[in-house]
Amino acid sequence: MAHSPVLSPKPNPPGAGSRITTMNPKAKALAILNHANQPPAPSTATTPGDGGTDLAEQMNDEVRRKFVSGARLGEGTYAVVYSGHYRHDPSRLVAIKKIKLNPEHKDGIAPDAIREIKHLSELSHPNIIQLHAIFSTKEQNISLVLEHLPLGDLEGLWKNQSISYSGADIKSWASMLAQAVWFCHENYVLHRDIKGNNLLIAADGTLKLADFGLARSFADPGRVMTSMVITRFYRPPELLLGCLHYGGTVDVWSMGVVLAELVLREWFLPADTDSQQLLVICDVFGTPTEETWPGVTKLRNAAILGVAKRPQPLSYWRQRFTLLGEDGIDLLRSMLIMDPAKRFSARKVLEHRYWTNAPRPTKKEDLPKQGGGLAKVGEDLKRRAGETDSGRGDKVARKLDFGSMR
Amino acid sequence: MSKPAPRATGSSTKDGGASFLSNSLHSLSIQHQFPSKPARSVPADSSSDICPVCKSSRYLNPNMKFLVNPECYHKMCESCVDRIFSHGPAPCPIAGCKRTLRKAKFRSQTFEDLKVEREVDIRRRVARVMNKVEADFESLKDFNDYLESVETTTWNLILKVDVEATERRLRLWEAAQKAETNSTKRSLVEDPSLLSETSHVILKKGGTQRKQQLGSTDDPLAGSGNDPETGFVFHGLKKRVAPEPEKPYDPYEGWSIDPQYYVVQDDYSVDWLTKAKDDPVHSVGGYDMRDFYSRALSDAFSGFGVFIEDEKTLEENPGATAAVASGGQDVNMDDVF
């Protein structure tokens, strides 16, 4: 079982003529990184040169052999995700994220993968997805072994009309999100892509911040950062206006939008283009002026702002966000202040009275869940082994899935 | 015939049958019941389906339903109940029975034998008040003694022996139990940090009600120290342990990241920083120089407080790996997850 033919290390593929050296720089770099994370294996790694592979490759293989990858769970723009488990313990599930080969970066690791690896291996917090290991396969693909989070994401949760939740549940989710963001910022990491899609839910109901593909550490003064980050609905006004120096408050804005969506159960600030996004924001928060946001008129894209609009009154918030209560509305509005200097920092968010006042946040094991519950378990038990509930092709002879056996 | 519920025979011998005590008591009940009840308490025509009040029979009205009132267990038909008790409480129409009955209490009987019906009702009532389980006692013997006294109480009520005294003891016991649970609940609320604005509102609204509650709960609570007030005294009954009061919610869930080795100041006057500091391009986008200061200091001190030897021992026992992974930075955790 230890050496299945699929996973055995391949020497140079026949087509790759340019690679003559047996040493693969990518595998080596990863092996060093893995070495830092895990205790080295006792004997095999220390004996140099058996079978033509060098130490780094041996270490890489060793990590790789610890995991068994199974069914394909989904595919994104730059990675494919498989379910998997530890070879020695099939009950310990993992998700294996296999980074696709990026034609733009054939000679190295794609920057988003680097970002993800760099920051996830540094951050360890119950509300941030855990990176178990990294290995490379076939000398070119990098796979990240991540925590298995089976219960969907926060966006799916508010979109799922069959689930109902209360103000205390919202507070619990928001609290876990705020802790994750606070922890990132406290370790000088900007996430820069906070959205409902990237907030995954673990089997025990814990919310986990995932997808650090756009994360970076706080910039040094004078160093520019790109303003083309964060999914549009969640992008704060300073990025839309083209700021190149920003701080942790960009993540706080995204957090505020996520919280608002959770209450409304619909998009809070939907827009089709970047300039329209800015106008949508101004519709709610009013057009920023030099008084409310010093220096705003000198920003790169300030011309889009157009005619001055007045902010929505407090009654608008009270009417739409009744579920949050007075404290929650106050916090939400503090998280969504146009001027990033006045907006709450992640630490200030956690210090707000909303968290400690009634109602107390729901315990994570009592939170409503999707894709689970007794009904689903019952459905699963009713099905015969190997059968899917698609309905289509039910009469056709069942196909054996060897993919999951690997 | 009435077989005591299995719960009540807990004090019985291991063979599972009714205990000697309950058997003998039951035979007593059969002997006692007839003379103690009014002469026509068990109508002879119970199977002939004729209402003892209006004398209408099921033969003429197939939908006729008989109801009983747990006050006296006299059977009568539904239309009689409607007729007599619709306008409020009235005395039982059966001759010789003077009890006042209410319409709301009438129900159809579950058991054919009204003696059984009555016994089950009494048992249910006693079991609701005397609801200790084995875990509440220090030893099995104490628990069995308790069950014995429960059984005695039950049979006292069934056989109408010392009814008043028994009822009084039951009431006292119920009040004592209620006071005990209330006192644990109250201690939770009394925690000043948990007393939020909403509970103040309640306090104002139902002020009198609350005061009354406090007054009434105080008396049995004080009495629980003196034995006679609780109605019963059981040996080996464990003192009820109040559940640990829930701590106030900590938004940080026990995590804290504070520098141990340095103090970050709000401002540092360094020549090479003044340009960026005074540049409005930085401040307008929310770039915070303090983040840079604390990060620079954190980087400079990041190796402090890291002891490789300690981490190695930690790595060997895998429970505490979370602490190791973040050990590179100055993270202090109050509790390890």
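Here the structure is a predicted model, which is why all the values come from computation and not from measurement.

(A) Summary view of the overall build of chain B. Of regular secondary structure, chain B possesses 12 helices and 6 strands. The 337 residues of chain B split such that 32% are buried. The long-range fraction of contacts in chain B, counting pairs at least 24 apart against all pairs at least 6 apart in sequence, stands at 63%. Carbon together with sulfur atoms contributes 55% to the accessible area of chain B, which is approximately 21400 Å² in total.

(B) A look at the confidence of the model for chain B. Residue and element names in this part refer to chain B. Averaged over every residue, the pLDDT of chain B is 73; residues scoring 70 or more account for 65%. This stretch, residues 32–46, has a pLDDT under 50; its non-local contacts, to residues over four places away or in other chains, come to 8 contacts. Every residue in residues 188–228 scores below 50 in pLDDT, and together they form 27 contacts with partners more than four places removed in sequence or on other chains.

(C) Structural detail: the pattern of salt bridges. All names here are of chain B. Under the defined criterion, the tally for this structure stands at 32 salt bridges over all chains. For E151, the salt bridge identified is with R123, shortest N-O distance 3.1 Å. You can see E151 sitting in helix α4 (residues 140–159) and its partner R123 sitting in helix α3 (residues 114–129), a full 28 residues away along the chain. A relative accessible area of 2% places E151 in the buried class. Taken together, the salt bridges that share partners define one network made up of R107, E117, D121 and R124.

(D) A look at the side chain of T166 of chain B. All names here are of chain B. Its location among the elements puts T166 in helix α5 (residues 163–190). Engagement of the side chain of T166 in a polar contact is seen with the backbone oxygen of D162, the distance being 2.5 Å. Those residues in contact with T166 that sit more than four places away from it in its chain are T153, N156, L157 and V161.

(E) Structural view of the UniProt feature "binding site: ATP" (unreviewed entry) in chain A. Residues and elements named next belong to chain A. Per the UniProt record, "binding site: ATP" (unreviewed entry) is annotated on L73, G74, E75, G76, T77, Y78, A79, V80, V81, K97 and K98. Annotated residues spanning 26 residues; largest pairwise C-alpha distance 14.2 Å, indicating a single compact cluster. Setting aside residues up to four positions removed in sequence, L73 forms contacts with V81, Y82 and S83. Looking at where T77 falls in the secondary structure, it is placed in the loop between β1 (67–75) and β2 (79–86). Assessed through its relative accessible area of 80%, T77 is described here as exposed.

(F) Structural detail: the pairing of strand β5 (residues 141–147) of chain A. Residue and element names in this part refer to chain A. The buried fraction of β5 amounts to 7 of the 7 residues, a majority that puts the element mostly inside the structure. Bridging between strand β3 (residues 93–99) and β5 involves 5 bridges; their strand directions are antiparallel. If you follow I96 over to β5, its bridge partner there is V145. Of the pairings in the sheet, the one linking strand β4 (residues 131–137) to β5 comprises 6 bridges and is antiparallel in character. Its bridge partner being in β5, F135 is matched across the sheet by S143.

(G) The sheet that holds β4 of chain A, seen in detail. Residues and elements named next belong to chain A. One open sheet accounts for 5 strands, arranged β1-β2-β3-β5-β4; its pairing is antiparallel. Taken across any chain shown, the strands that pair with only one partner, and hence form the sheet edges, are β1 and β4. With direction set aside, neighbouring strand axes in the sheet form an average angle of 30°. Against the sheet, helix α2 (residues 55–65) makes contact with β1 and β4, and its axis sits at roughly 120° relative to β4, the strand it touches most.

(H) Region of interest: the interface of chain B and chain A. The interface of chain B with chain A comprises 33 residues on the first partner and 41 residues on the second. Summing both sides of the interface, chain B and chain A together bury roughly 3200 Å²; the carbon and sulfur share of this comes to 58%. Considering only the surface of chain B that becomes buried against chain A, Y249, Y252 and V284 of chain B emerge as the three largest contributors, covering 23% of it. Across the contact surface, chain B and chain A share 2 salt bridges. One salt bridge in this structure joins R295 of chain B and D220 of chain A, with 3.7 Å as the shortest N-O distance. At the boundary of chain B with chain A, the tally comes to 10 residue pairs in polar contact (both at pLDDT 80 or more). Within the residue set of the side of chain B that touches chain A, elements represented by two or more residues are β5 (255–256), α8 (271–278), α9 (280–284), α10 (289–301) and α12 (321–325) of chain B. Within the side of chain B that touches chain A, the residues separate by chemical class into 16 nonpolar, 10 polar and 7 charged.

(I) Broad picture of the packing of α3 of chain B against α4 of chain B. Residue and element names in this part refer to chain B. At their nearest, the axes of α3 and α4 sit 10 Å apart, and the two run at 140° to each other. For the element pair α3 / α4, the angle class is oblique. For α3 against α4, the interelement crossing comes out right-handed. Facing R118, E119, I122, R123, R125 and V126 of α3, the residues of α4 in contact are V150, E151, T154, W155, L157 and I158.

(J) Quick peek at the pairing of β3 of chain A. Residue and element names in this part refer to chain A. For β3, the tally of buried residues reaches 5 of 7 residues, placing the bulk of the element in the interior. Pairing of β2 with β3 involves 7 bridges; the strand directions are antiparallel. For H85, the partnering residue across the bridge sits in β3 and is L93. Adjacent in sequence and paired antiparallel, β2 and β3 are bridged by 6 residues.

Reading the values: the criteria
Residues numbered from 1 in each chain as written. Chains lettered and ligands numbered in written order. Predicted model: local features only at pLDDT ≥ 70, side-chain atom pairs only at ≥ 80, totals over all residues. Heavy atoms only, no water. Helix = DSSP H or I, 4+ residues; strand = E, 2+ residues; numbered from the N terminus. Buried < 20%, exposed > 50% of the residue type's maximum accessible area, 1.4 Å probe, protein only. Contact = heavy atoms within 4.5 Å. Areas by Shrake-Rupley, 256 points an atom, 1.4 Å probe, with all protein chains shown as cover. pLDDT = per-residue confidence, 0-100. Salt bridge = Lys/Arg side-chain N within 4 Å of Asp/Glu carboxyl O. Polar contact = N/O pair within 3.5 Å; in protein donor to acceptor, adjacent residues only side chain to side chain. UniProt positions renumbered as here; feature names shortened; annotations may be inferred. Pairing = 2+ DSSP bridges. Axes fitted to C-alpha atoms, helices over the stretch in contact; angles between N-to-C directions. Buried area = accessible area lost by both parts, 1.4 Å probe. Nonpolar A, V, L, I, M, F, W, Y, C, P; charged D, E, K, R; others polar. Parallel < 35°, antiparallel > 145°, perpendicular 65-115°, else oblique. Left-handed = near helix turned anticlockwise from the far one by under 90°.

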